[in-house]
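Observations on chain architecture
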2 protein chains.
Amino acid sequence: MADSRQQKATAELLKAFSHPTRLSILQELLAGPRCVTDMEEILPARQANISQHLAVLRHARLVDYAQDGVLKCYYLCRPKLVKDLLTLMGRDEPMVIRTAKEIKAEKKRLADMSESSRSIEISAAVTSGVKRRSRVR
Amino acid sequence: MADSRQQKATAELLKAFSHPTRLSILQELLAGPRCVTDMEEILPARQANISQHLAVLRHARLVDYAQDGVLKCYYLCRPKLVKDLLTLMGRDEPMVIRTAKEIKAEKKRLADMSESSRSIEISAAVTSGVKRRSRVR
DNA sequence: ACATAATATTCAAAAAATCGAATATGTGAA
DNA sequence: TTCACATATTCGATTTTTTGAATATTATGT
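Report follows, based on the coordinates. (Residues numbered from 1 in each chain as written. Chains lettered and ligands numbered in written order. Predicted model: local features only at pLDDT ≥ 70, side-chain atom pairs only at ≥ 80, totals over all residues. Heavy atoms only, no water.)

Quick look at the pattern of salt bridges
Applying the stated criterion across every chain, the model contains 12 salt bridges over all chains. Linking Asp84 of chain B and Arg91 of chain A is a salt bridge whose minimum nitrogen-to-oxygen distance equals 2.9 Å. In this pair, Asp84 of chain B is assigned in helix 5 (residues 79–90) and Arg91 of chain A in the loop between helix 5 (79–90) and helix 6 (100–113), connecting two distinct chains. Overall, Asp84 of chain B belongs to the partly exposed group, its relative accessible area being 28%. Residue Asp68 of chain B pairs with Lys104 of chain A through a salt bridge whose shortest N-O separation is 3.6 Å. A residue pair is termed interchain when its members come from two chains, as with Asp68 of chain B in strand 2 (residues 63–68) and Lys104 of chain A in helix 6. Looking at Asp68 of chain B, the relative accessible area reads 10%, which means it is buried. A residue is classified by how much of its surface remains accessible, and Lys104 of chain A, at 35% relative accessible area, is partly exposed. (Salt bridge = Lys/Arg side-chain N within 4 Å of Asp/Glu carboxyl O. Helix = DSSP H or I, 4+ residues; strand = E, 2+ residues; numbered from the N terminus. Buried < 20%, exposed > 50% of the residue type's maximum accessible area, 1.4 Å probe, protein only.)

Considerations on the relation of the copies chain B and chain A
Laying chain B over chain A is done by rotating through 180° and shifting 0.0 Å along the axis; what remains is an RMSD of 0.0 Å. Considering both components of the superposition, the chain copies are consistent with a two-fold axis. Looking at chain B, 100% of its interface residues are interface residues in chain A too, so the copies touch through the same face. (Least-squares fit on C-alpha atoms with pLDDT ≥ 70 in both. Contact = heavy atoms within 4.5 Å.)

Remarks on the protein's contact with DNA strand C
As a matter of local geometry, DNA strand C sits amid 24 residues, with Thr37, Gln47, Ser51 and Tyr74 of chain A together with His53 of chain B nearest to it. By atom count, sugar and phosphate contribute 64% of the portion of DNA strand C lying within 4 Å of the protein. Note that a phosphate oxygen of DNA strand C is positioned 2.2 Å from one of the side-chain N or O atoms of Thr37 of chain A. Between a phosphate oxygen of DNA strand C and a side-chain N or O atom of His53 of chain B, the distance comes to 2.7 Å. Secondary-structure elements contributing two or more residues to the surface near DNA strand C are helix 3 (36–42), helix 4 (47–59) and strand 3 (71–76) of chain A together with helix 4 (47–59) of chain B. With five residues, helix 4 of chain A is the largest single contributor of residues to the surface near DNA strand C. The residue makeup of the surface near DNA strand C, split by class, is eight nonpolar, 10 polar and six charged. (Near = heavy atom within 4 Å. Polar contact = N/O pair within 3.5 Å; in protein donor to acceptor, adjacent residues only side chain to side chain. Nonpolar A, V, L, I, M, F, W, Y, C, P; charged D, E, K, R; others polar.)

Structure, rendered in structure tokens:
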């Protein structure tokens, strides 16, 4: 697991989020569908540029639109994803600071915990051909 | 609200996440602290490149390290943020498809709901100098 | 059919991100 | 001190992203 294809897909999706203008668009769409003209009123960007960002969001399947006469009514394809991601980014978490000592202590704790299943670990390592090249201090 | 400075900061933080190699590093660090050599064994990237990505993650304050002899033991500064973000991206949400009709119906519902507080809305719009340029269908 | 408003696309230039290669730095051991 | 190992930085080349300007497309009303 921890597939590299998955990481690539995730990175692409995250990239679609990673622009101030696109974040503002998503934030706005969270409040409900909007046409491009509505967005022009709110965003400090030209029409063409907004259209370009909408194209990025469409390709990422984050938004889609419903044609309404001359207007294109944009909406979120995955509102929960957008809402939860934006909420998450708004949160702030106290920064952790760790020391080498503390980390070693934790490693030891984890090693002791899996003491009982040691033989299983070893055989798994052997059958998968794992080699430890790096120093273990 | 919906500050453009906030969007810029958020976009920068998200950019730090938005690379397959960096996602793999974060995923790996979720399991516990790792030194660069450990990561070299796992990632399909050269040492210099991994260091470069670690620098990006450090600047975003997503990781930091504790010096342990020759080794640098990298760890997550904000493990909850990383865990929750990765979990979120792993989830999949059914894509919503909406029609112009449905959207109009929803707008009407919302408009009716705020019927009682109409006068407040109008005065707010007037005092903030709001002008509606776009068509309302 | 035509004009118009709303939106999209194309193109070229500028800015930013990525990567490998080479080199530099820092730490502990001998 | 000197060496070796672990990691970081710099530099230049390549690729990707972003943007404005110009232009194209599409739906509607006349």
